[in-house]
Amino acid sequence: MATRNVPPQNGANNGNSSKFANAGAAAGGFVGAMGGSFVPPVTVNVNRTTNKGVGGQSGGRKSSQFVLGEPEFNNADDVRNYCNYLRALMIQAAIELAMAAKILEARLGQAQALPGDNPVQTRMRAKKVAWKLKRASDGATAAAKNAVAAYGAFQREYADLIRPRPQRAATTNPFKF
């Protein structure tokens, strides 16, 4: 059974709706559901590249249950790479946790109030719950800072081993008959 669209007469819709009107209503409902808070979409990508060693394993590392890979500190580059990867991972986690805290606070602030509560009390309870995620974000930020500080301390404490030492030319006595 085919239906036909009849244009509205005298400003009335006559039961027919435009696809643009539906899209506008959907967008309005979405914006209204957000409660006036707008959180822009943020994507953070961390790219980790490693040199492939012989046999297809990266740097001689085997698969492990560690997120950053098995911590092998054989040289200064290993320490630097581990600290950089840790910093990047913790920064991403801190951003995601901070965003989640704000979203949770906004959602809980729009929840139905308990009997006898006013809107301010509802928002205060939402803030109290989201504060825990904010603290987790602060902890991830502190972990990123400490990863950078660990590499700085490594450079300070082991600077004499990191810098190439000047090599003296070997003195050889040529063999003479």
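What counts and how
Here the residue index of a chain counts from 1 through its sequence in written order. This being a predicted model, a pLDDT of at least 70 is required before a residue's local features are given, and a value of 80 or more before pairs of side-chain atoms are given or counted; all residues contribute to the totals for chains, interfaces and linings. By convention in this description, side-chain values take in all heavy atoms of the structure and omit both hydrogens and water. Secondary structure elements follow DSSP: runs of H or I of four or more residues count as helices, runs of E of two or more count as strands, with numbering from the N terminus. Paired rings are identified among Phe, Tyr and Trp, the last through its six-membered ring, by centres lying within 6.5 Å, and are further divided according to the angle between planes into stacked (under 30 degrees), edge-to-face (over 60) and tilted (the rest). Buried residues are those whose accessible area, probed at 1.4 Å on protein chains only, stays under 20% of the maximum for their type, while exposed residues exceed 50% and partly exposed ones sit between those limits. Residue-level confidence of the predictor, termed pLDDT, takes values from 0 up to 100. Contacts between residues were defined by any pair of non-hydrogen atoms, one from each residue, lying within 4.5 Å. For helices, the fitted axis covers only the stretch in contact; all axes are lines through C-alpha atoms, and the angles between them, taken along N-to-C directions, range from 0 to 180 degrees. In these notes the angle categories are as follows: under 35 degrees is roughly parallel, over 145 is roughly antiparallel, 65 to 115 is roughly perpendicular, and the rest is oblique.

## Let's talk about the environment of A149
Stage number 1. As for its position among the elements, A149 is in helix α3 (residues 119–157).
Stage number 2. A149 sits 66 residues away from C83 along the chain, and the two C-alpha atoms are 9.0 Å apart.

## Quick look at the packing of aromatic side chains
Aromatic ring pairs are reported here in terms of the distance separating the ring centres and the angle at which the planes meet.
Stage number 1. Evaluated as defined, the whole model comprises 3 aromatic pairs.
Stage number 2. Pairing F73 with Y82 gives two aromatic rings, centres 5.3 Å apart and planes at 90°, and the pair type is edge-to-face.
Stage number 3. Given a relative accessible area of 48%, F73 falls into the partly exposed group.
Stage number 4. Taken together, the ring pairs in this structure connect Y151, F154 and Y158 into an aromatic cluster.

## Observations regarding the confidence of the model for the protein
Stage number 1. Here the protein shows a mean pLDDT of 74. Residues at 70 or above account for 60%.
Stage number 2. Ranking the elements of the protein by mean pLDDT puts helix α1 (residues 19–33) last, at 46, and helix α2 (residues 76–109) first, at 94.
Stage number 3. Within the model, the stretch residues 11–38 combines pLDDT values under 50 with 8 contacts to residues more than four positions away or in other chains.
Stage number 4. Taken as a whole, residues 51–61 scores under 50 in pLDDT and shows 16 contacts with residues more than four places along the chain or in a different chain.

## Section: the environment of Q121
Stage number 1. For Q121, the position within the fold is in helix α3.
Stage number 2. Owing to a relative accessible area of 37%, Q121 belongs among the partly exposed residues under this scheme.
Stage number 3. Each C-alpha atom of the pair Q121 and G109 lies 9.2 Å from the other, and the pair is 12 residues apart in sequence.

## Remarks on the packing of α2 against α3
Stage number 1. The geometry of α2 relative to α3 is characterised by a closest axis approach of 8 Å and an angle of 170° between their N-to-C directions. Judged by the angle between their axes, α2 and α3 are roughly antiparallel.

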